[in-house]
Amino acid sequence: MRRVYLDNVATTPLLPEVREAMMPYLGEFFGNPSCLHDWGDAPREAMELARSQVAQLIGANPEEIIFTGSGTESNNFAIKGLALAQQSKGKHVVVSAIEHFSVLHSAKTLEKWGFELTLVPVDKYGVVDPDAVRKSLRKDTVLVSIMHANSEVGTIEPIGEIASLTRQNNVLFHTDAVATAGTIPVDVKKLGVDALSLAGNQFYGPKGVGALWVRKGVRIMPLLDGGVQEGGRRAGTENIPAIVGLGKAAEMAKASMAARIQHLTPLRDRLLTELPAKIEHVVVTGHPQNRLPGNASFCVQFIEGEAMLMLLNSQGVAVTSGSACTSRALKASHVLIAMGLSHELAQGSILFSLGVNNTPEDVDYVLEVLPPIVDRLRQMSPLYAKFTRTSKGGN
């Protein structure tokens, strides 16, 4: 049986070059980078090289990079740390309705701490209207956070336009770039943001490591109390092997990005066009053009995404239904609901997230095995039976 991994949104495989770069820091160079003796030198130098590599990936300065344990930690740090550092100016924050839970839940926590929250809606493609952000701004607004792209439906947001509005109103702007950094070109200066989150496992680096970029001069309150690591902004002994891997993955992503995009885009487009042609009553979700190069997302009517996921898995195909963080929750995606889809339709979500190892033959295989799976599930679906009766009765 063919095995096809199409769940790169959950995590990407570690590249061999990244693993090789990490290995010495799991053995010979085990020292603590904060130590002044010789054992700390090699880990410290490797960490600073990685800081430079990550900075180069996003057009930043190395000293502006803070290493974290994940994209989720980076988002928590940004939302809470930036808002708390600015609270003397105001206690109003603005985020979009389709943000990752690490942003949404952090914003909800701020509400419990006395802040006010405004959720900005999106259109049917998942696009945030910059004018809607403008209308949400108030005199006491201290932070706006809009994701660079949504990993679930692939839509890329107009971050530059929104950043122009926040600058005009002297409001800090954070973007969650976990879905984009290392995947499409990301330049913090061109975007115009004040803070940006990323994660290594989204571009073939290790899990359990991320970074937060904070523009020089922007105040942020640390979330962790302890030592003076990361310039006093993130306490705790740094995970040197993972940080080295993050740096190497960032270096490789920058060098290979154009080739990766060129490889992924036609595979994505085949799925977006050929799958609805093979299966009736399938809705493509996300923006039809302005989307991530490896993202093909759909809603299949009358059946549940989890059932498709499990049957595809039995055929050797790994996908997800909804976002990676909600796929075990067995409930409709908040992203799809915010885009105006019904709960019934949103239950049938399925996401194919392609990676550098995927081939045209992988797409062929999916197009071969999915239609009979959908047919089988629909034959058991009371919703489909009702639809069929109604359709026949209307003819």
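Check the entry above for the structure.
What counts, and where the lines are drawn
- Each chain carries its own residue numbering, running from 1 in the direction its sequence is written.
- Where totals are concerned, whole chains, interfaces and linings use all residues; where local detail is concerned, this predicted model gives features only for residues with pLDDT of at least 70, and gives and counts side-chain atom pairs only at 80 or more.
- Hydrogens and waters are ignored; side-chain quantities use all the structure's heavy atoms.
- Secondary structure elements are defined from DSSP: runs of H or I of at least 4 residues count as helices, runs of E of at least 2 residues count as strands, and each element is numbered from the N terminus.
- In this setup the radius of gyration rests on C-alpha atoms only. A globule is expected at 2.2 Å times the number of residues raised to 0.38.
- Classification of residues uses two cut-offs on accessible area relative to the type maximum, computed with a 1.4 Å probe and protein chains only: under 20% is buried, over 50% is exposed, and between them is partly exposed.
- Residues count as neighbours in contact if any of their non-hydrogen atoms are within 4.5 Å of one another.
- We treat Lys and Arg as the positive residues and Asp and Glu as the negative residues; His and chain ends play no part in the count.
- Charged groups are reduced to one reference atom each: NZ for lysine, CZ for arginine, CG for aspartic acid, CD for glutamic acid.
- Two strands qualify as a pair provided DSSP detects at least 2 bridges between them.
- Interaxial angle, 0 to 180 degrees, is taken between N-to-C directions of lines fitted to C-alpha atoms, where a helix line uses only the stretch in contact.
- Pairing of aromatic rings covers Phe, Tyr and Trp, the last counted by its six-membered ring, and requires centre-to-centre distances within 6.5 Å; plane angles under 30 degrees mean stacked, over 60 mean edge-to-face, and any other angle means tilted.
- Given a helix with a known number of residues, its expected span is that number minus one, times 1.5 Å.

All right, on to the overall build of the chain then. Regarding its fold elements, the chain presents 13 helices and 12 strands. Scaling as 2.2 N^0.38, a compact globule of 395 residues should have a C-alpha radius of gyration of about 21 Å, and the chain matches this with 22 Å. Oriented by its inertia axes, the alpha-carbon framework of the chain measures out at about 80 × 55 × 30 Å. The buried share of the chain, reckoned over its 395 residues, is 55%. Partitioning the contacts of the chain with sequence separation of at least 6, the portion at a separation of at least 24 is 75%. Charge centroids of the chain, computed over 38 positive and 39 negative side chains, lie 5 Å from each other.

A separate point is the sheet that holds strand β9 (residues 282-284). As summarised here, the arrangement of the three strands in space is β9-β10-β12, forming an open sheet in which the pairing is antiparallel. Strand pairing shows two members of the sheet lacking a second neighbour, β9 and β12 (349-353), which therefore form its edges. Averaged over all neighbouring strand pairs, the angle between strand axes comes to 25 degrees, with direction disregarded. Alignment of strand β10 (residues 295-300) against β12, held across five bridges, turns out to be antiparallel. Pairing of C299 across the sheet is with S349, part of β12. Helix-sheet contacts for helix α8 (residues 240-278) involve β9, β10 and β12, and the interaxial angle to β10 is about 20 degrees. Sitting on the sheet, helix α9 (residues 305-314) touches β10 and β12, and the angle it makes with β12 is about 45 degrees.

On to the packing of aromatic side chains. Taken as a whole and assessed by the stated rule, the structure comprises five aromatic pairs. Pairing F302 with Y384 gives two aromatic rings, centres 5.4 Å apart and planes at 55 degrees, and the pair type is tilted. With F302 in the loop between β10 and α9 and Y384 in helix α13 (residues 382-394), this residue pair connects regions lying 82 residues apart in the sequence. With centroids separated by 6.3 Å and ring planes inclined at 25 degrees, the aromatic side chains of Y384 and F387 adopt a geometry described as stacked.

The first and last C-alpha atoms of helix α12 (residues 360-379) sit 30 Å apart over 20 residues, in line with the 28 Å expected at 1.5 Å per residue. Among the residues making up α12, those that are buried are D362, V363, Y365, V366, L367, V369, L370, I373, V374, L377 and R378.

The next subject is helix α4 (residues 101-112). With 12 residues, α4 ought to run about 16 Å at 1.5 Å a step, and its terminal C-alpha atoms sit 16 Å apart, in line with that. Those residues of α4 lying buried are S102, V103, L104, S106, A107 and L110. Buried residues along α4 sit in contact with α3 (71-85), β3 (92-96), β4 (116-120), β5 (141-145) and α10 (334-338). Directly after α4, the chain includes G114, whose backbone phi takes a positive value near 100 degrees.

The quantities given are spatial measurements derived from coordinates; they are silent on function.
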